[in-house]
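# Working through the structure, step by step
Take a look at the letters that make up each chain.
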Amino acid sequence: MQHPRYWINSNENGLYCEALDAYIDPVNPVHRAIITHGHADHARPGHGEVYATPETMAIMRIRYGDNHAEKQIELNYSNNISLRNGSLMFKPAGHILGSAQAVIDHSDHRLVLSGDYKRSHDPTCAAFEVTQCDVFVSEATFGLPVFKHPPINQEVNKLLTSLALFPERCHLVGVYALGKCQRVILALRELGYHKPIYMHGALLKLCELYSSYGVTLGDMIPVTEVESLKSLAGEIVLAPPSALHDRWSRKLPNVMTAMASGWMQIRARSKQRKAELPLIISDHCDWPELLQTLKQVNPQEVWVTHGREAALVHQAQLMGYQAKALSLIGRSDGDDDGE
Ligand SMILES: [Zn+2]
Ligand SMILES: [Zn+2]
């Protein structure tokens, strides 16, 4: 009874680990939850105990209040904690600030649950750490061979080029508040853009949190503090995707609408967002990164979840791994919160 298949199962609350008597990213309130990161389809309020990295716990407090769970146990990366018959450790997942893979040891077997993860450059969070294991549970949000994400510099350069070509237009960029927003800001800074970046109010709190963890975002000005909105011509304004076409954005001068998301590779999605300037910026692995990760982690078995399972299961089998899909309920494709 040692293999993880005997101590991991899923039910209406999500993925349950019997060895730790805990759910991982459960969709309903449970007595004990391990939370991989702060995006809304993974972190929900109302649990008895929550185990998470300090950063994820801080994000949950911002979003759900100080009392989002009865007991909040913070666990730094690479530290171990014993629960019931096993132990839990977090390793960085490279997805957003505080994002973690859950490493679970029980009776000489190790299971690593990736959570959401990526392998490409992101100075806003700790980079994904390859951790050897028997079973690797991988997400597959972009688990099809067509998904190939360009380097972020290339995409953010499109924004800067447009700004140079159309200096009379206010460049309004749709970004998710947690992760994407801060990543786009740092990418602009890395490309030498040091002017103030103007912000929709809904983005400010999480930017402050990132700053408090040492992520230097530079000069940011809330749009509410701008005296004449006309002065935003030729400037960059960041807003949550939901605000791109609402009354708020209609006050901005001569808007050029951009949208930053991995889904912008799909034309239907960029049309849906009415994005004149779609920027393919993803916080998940693309197909080559998924394959690279399987090779490096080199587990005996791959379980695929959270996205397009079938293609990655098939690919993992071709690569010589045992593989299966682990279907979970209540997971969105992330287009509404984090992507
Ligand atoms: Zn996520
Ligand atoms: Zn997710």
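Residues numbered from 1 in each chain as written. Chains lettered and ligands numbered in written order. Predicted model: local features only at pLDDT ≥ 70, side-chain atom pairs only at ≥ 80, totals over all residues. Heavy atoms only, no water.

### Focus on the sheet that holds strand β17 (residues 277-279)
Here is the rule we go by: Note on pairing: two strands pair once DSSP finds at least 2 bridges between them. Strands here mean DSSP runs of E at least two residues long; helices mean DSSP runs of H or I at least four residues long; both are numbered from the N terminus. Axes here mean lines fitted to C-alpha atoms, for a helix over just the part in contact, with angles spanning 0 to 180 degrees between N-to-C directions. Two residues form a contact once any of their heavy atoms are found within 4.5 Å.
Judged by pairing direction, the sheet is parallel, and its six strands sit side by side in the order β14-β13-β15-β12-β16-β17 without closing on themselves. The open sheet has two free edges, formed respectively by β14 (220-222) and β17, since each of these has just one partner strand. The sheet shows a mean angle of 30° between the axes of neighbouring strands, direction not considered. Where strand β12 (residues 170-174) and strand β16 (residues 255-260) come together, five bridges link them in parallel fashion. Within the sheet, the bridge partner assigned to L172 lies in β16 and is T257. Against the sheet, helix α2 (residues 152-165) touches β12, β15 (236-239), β16 and β17, its axis set at about 155° to β17.

### Brief notes about the coordination of the zinc ion (ligand 2)
What counts, and what does not: Metal donors: N, O and S atoms at distances within 2.8 Å, or within 3.2 Å for Na, K and Ca, with water omitted from the atom set so that some sites may seem incomplete.
Within the protein, H42 (NE2), D116 (OD) and H306 (NE2) serve as the donor atoms for the zinc ion (ligand 2), at 2.1 to 2.3 Å. Each donor residue of the zinc ion (ligand 2) belongs to the same chain, with the gaps between them written as H-x73-D-x189-H. A distance of 3.6 Å spans the gap from the zinc ion (ligand 2) to the zinc ion (ligand 1), which D116 bridges by coordinating each metal. Of this pair, H42 sits in the loop between β4 (32-34) and β5 (47-52) while H306 sits in strand β18 (residues 301-307); the two residues are 264 residues apart in sequence, bridging distant segments of the chain.

### Things to note about the coordination of the zinc ion (ligand 1)
The criterion, for reference: Angle rules define the geometry names used: all angles between 85 and 135 degrees makes four donors tetrahedral, while opposite donors over 155 degrees apart and all other angles between 65 and 115 make four donors square planar and six octahedral, leaving every other case irregular. Accessibility here uses a 1.4 Å probe with only protein chains present; expressed as a share of the type maximum, an area under 20% marks a residue as buried, one over 50% as exposed, and anything in between as partly exposed.
Here the zinc ion (ligand 1) is held by the protein donor atoms H37 (NE2), H39 (ND1), H95 (NE2) and D116 (OD), which lie 2.2 to 2.3 Å from it. Around the zinc ion (ligand 1) sit four donor atoms; with metal-centred angles ranging over 90 to 165°, the donor geometry is irregular. Read in sequence order, the donor residues coordinating the zinc ion (ligand 1) give the pattern H-x1-H-x55-H-x20-D. H39 gets classed as buried once you look at its relative accessible area, which sits at 2%.

It is worth stressing that arrangement in space is one thing and function is another; only the former is reported here.
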